Amino acid sequence: MNDRAMTQKIATLALVVADYDEAIEFYRDKLGFSLVADTPLGPGKRWVLVAPPGGNGARLLLAKADGPEQRASIGNQTGGRVMLFLETDDFAGDFARMSEKGVTFLEAPRHEAYGSVAVFADLYGNKWDLIEPRG
C-alpha cells in the first residue's frame with residue numbers, strides 16, 4: 001500500500017432530465033449556472049455539463065432520460081427528499097434573483113443554527129436547498 005495521502009472529490013453528478021435544451025435554459029438562465037460543455041455524442045445523445053457560478057464544487061451532467069425506467073425517475077431521483085444543496089455567500093441576493101427569474105421556492109427562507117436556507121424545486125420538481133452556511 002502506498003503511504004501517500006489520496007485526494008478525491010466528487011466532480012460530477014448525473015441529473016436525469018427530459019430535454020437537454022429546456023434543462024440548460026433552467027440551469028443557465030434561472031439559476032445562473034455556466035454551460036461548461038455541450039458535446040454531441042451521436043444520435044440523440046449529448047454530454048452537457050453545467051456548473052454554479054464560481055466554479056467550485058461538483059458539476060451537473062444533464063443526462064437525457066433513455067427509456068421508461070429513466071423517464072419515471074425525472075423529478076424524483078431521491079424519492080421526494082432534498083437532492084442537492086446549493087451553497088451561496090449571498091443568500092438574500094440569490095433568493096431574490098432566483099425568485100424574480102421564476103424559480104419556485106417551496107417555503108419561505110428560514111434561519112437555522114447551521115445557516116439560512118430555503119427549499120426550491122428545479123424545472124422537473126427535484127428539491128434543492130439554497131443555503132448560506134453560518135460562519
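What you see is a predicted model; the values in this text were computed from it and never measured. (Residues numbered from 1 in each chain as written. Predicted model: local features only at pLDDT ≥ 70, side-chain atom pairs only at ≥ 80, totals over all residues. Heavy atoms only, no water.)

**Student:** Any chance you could explain the nonpolar core here in plain terms?
**Tutor:** Where a protein is soluble and globular, its nonpolar side chains tend to be buried together. Membership of the largest hydrophobic core comes to 28 residues, with the highest contact counts inside it found for Tyr27, Leu31, Phe33, Leu60, Leu62, Phe120 and Trp128. Secondary-structure elements contributing two or more residues to this core are β1 (12–17), α1 (20–30), β3 (45–51), β4 (59–64), β5 (82–87), α3 (91–100), β8 (115–121) and β9 (127–133). Looking at which element gives the most residues to this core, the answer is α1, with five residues. Not counting chain neighbours up to four residues away, the residues in contact with Leu31 comprise Phe26, Met98, Val103 and Phe120. (Core = buried A, V, L, I, M, F, W, Y, C linked by side-chain atoms within 4.5 Å. Buried < 20%, exposed > 50% of the residue type's maximum accessible area, 1.4 Å probe, protein only. Helix = DSSP H or I, 4+ residues; strand = E, 2+ residues; numbered from the N terminus. Contact = heavy atoms within 4.5 Å.)

**Student:** How should I be thinking about the side chain of Ser116 in this particular structure?
**Tutor:** Locating Ser116 in the fold gives a position in strand β8. Residue class for Ser116 comes out buried when judged on its relative accessible area of 14%. A distance of 2.8 Å separates polar atoms of two side chains, one belonging to Ser116 and the other to His111. (Polar contact = N/O pair within 3.5 Å; in protein donor to acceptor, adjacent residues only side chain to side chain.)

**Student:** Sorry, what's going on with the sheet that holds β1 here?
**Tutor:** The strands that make up a sheet are held in pairs by hydrogen bonds between backbone atoms, and each pair lies either parallel or antiparallel. Strand order in the open sheet formed by four strands is β1-β4-β3-β2, and the pairing between neighbours is mixed. Whereas interior strands pair on both sides, the edge strands pair on one side only; in this sheet they are β1 and β2 (34–42). Adjacent strand axes in the sheet meet at a mean angle of 25° when their direction is disregarded. With seven bridges joining them, β2 and β3 adopt antiparallel strand pairing. Within β3, the position partnered with Ala37 by the bridge is Leu49. Against the sheet, α1 contacts β1, β2, β3 and β4, and its axis sits at roughly 5° relative to β3. (Pairing = 2+ DSSP bridges. Axes fitted to C-alpha atoms, helices over the stretch in contact; angles between N-to-C directions.)

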